[in-house]
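For reference, the chains in residue letters:
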Amino acid sequence: MADRFDADYMGRAIDIADGARLIAPPNPWVGAAVVSNAQVFLGATSQPGGNHAEINALEAAGDATVGATMYSTLEPCCHHGRTGPCTEAIIKAGIRRVVVAITDPDPLVAGKGLEALRNAGIDVEVGVGAARVERQLRAYLHHRRTGRPFVVLKLAATLDGYTAAPDRTSQWITGPEARADGHRLRAESDAILVGAGTIRADDPALTVRDFAPIGIDGSEIQPMRVVLGSAPADARAQPLVEVSGELPDVLNELAQRGVLQLMVEGGATVAGEFHRQGLVDRYVVYMAPAFFGGDDARSLFSGPGASTIDDVWRGEIVDVRRLGPDVRIELRPRND
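Described below are features of the structure shown in this document. Keep in mind it's a predicted model, so treat the numbers as computed, not measured.

## Section: the sheet that holds strand β1 (residues 31-36)
No. 1: Strand order in this open sheet of five strands is β2-β1-β3-β4-β5, and the pairing throughout is mixed. Of all strands in the sheet, those with a lone pairing partner are β2 (39-44) and β5 (123-126), marking the two edges. Within this sheet the neighbouring strands show an average axis-to-axis angle of 15°, counted without direction.
No. 2: Of the strand pairs in this sheet, strand β4 (residues 97-102) and β5 are connected by four bridges, and their pairing is parallel. By the bridge assignment, Val-98 is partnered in β5 with Val-124.
No. 3: The sheet contacts of helix α4 (residues 112-119) involve β4 and β5, and relative to β5 the element is tilted by about 150°.

## Observations concerning the nonpolar core
No. 1: Counting residues in hydrophobic clusters, the biggest one holds 54 residues, and the most contacted among them are Val-34 and Ile-95.
No. 2: Apart from residues lying up to four places away in sequence, Val-34 is in contact with Gln-39, Val-40, Phe-41, Ala-57, Leu-58, Ala-61, Thr-65, Ala-68, Thr-69, Met-70 and Ile-95.
No. 3: In terms of nonpolar packing, the next biggest core, distinct from the first, is built from 26 residues, Ala-191, Ala-271, Leu-279 and Leu-331 among them.

## A few points about the pairing of strand β3 (residues 69-74)
No. 1: Among the six residues of β3, six are classified as buried, and the element is accordingly described as predominantly covered.
No. 2: Relative to β3, β1 runs antiparallel, the two being bridged by four bridges. Bridge pairing links Ala-32 to Ser-72 in β3.
No. 3: Where β3 lies against β4, five bridges are found, and the strand directions are parallel. Within β4, the residue paired with Leu-74 across the bridge is Ile-102.

Rules of the game
- Residues numbered from 1 in each chain as written.
- Predicted model: local features only at pLDDT ≥ 70, side-chain atom pairs only at ≥ 80, totals over all residues.
- Heavy atoms only, no water.
- Pairing = 2+ DSSP bridges.
- Helix = DSSP H or I, 4+ residues; strand = E, 2+ residues; numbered from the N terminus.
- Axes fitted to C-alpha atoms, helices over the stretch in contact; angles between N-to-C directions.
- Contact = heavy atoms within 4.5 Å.
- Core = buried A, V, L, I, M, F, W, Y, C linked by side-chain atoms within 4.5 Å.
- Buried < 20%, exposed > 50% of the residue type's maximum accessible area, 1.4 Å probe, protein only.

Limitation: the analysis is restricted to geometry and does not speak to function.
Quick look at the structure:
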């Protein structure tokens, strides 16, 4: 019975964490619940500089924290940053038991938060809802474990695998539903990267429409816009961060800038390079029910491909859904 209750309360913490996905980075989007006498008080991570999820849940609970159980999707922090340690607040609040989904791989935490709670006499349990939280926080966890952003390569093509006509026109291959989903994916990313050729040829704005969250200053939160190479000063996407060099070094640089998830949007040369170097963690491909009907259009990737069937890249499809007339396919590398 206790296990079922733990799963239910952790599920509520996971659900509220979803609401912090677009505003929390570069902090993790965490959810917390304080449960006292069947009352549930919820909190999620605020914008950077604001409260962590545990503090928001404690403040919502008020005096009800004494002897209560706290559920947190991620191990509470135990160090001073922009805010004080959550472990100190939990101990001071008189929480009796803490249930955590997963430990935090950040070297500043990495088990030390759980140790601090146990040393204070608090009963600590880890692992409830772990699989769901691993998926929910995959970009943050990847960043902390590898030192690089989680790379999502977004592609849109006809059913015969082409992204642009021979004259390079390419807009509106997919319908409005797929384009809206692409903007949602942009909003979940901390940065969008394109090649300099795409900037010169298409002059995209690289902004989020409809899904952009509003910051505490009342302005829209837009992802960082990154160009591989250099861009004209009057490009619509300005201000742009210009990067160059080997792609692994570029990823390291962006990680140091706080980019947890990087969305690579193209063009075909950039997409091909990320793919061939094995730097893509997720592929999101929007397929339109259309054919160019020849072999002279622009393909998804440019550059050398597999020379034999034995060398063909094979991934794992993890999600397929219909978006209006189009289909969205999400893949991951088989070793993921």
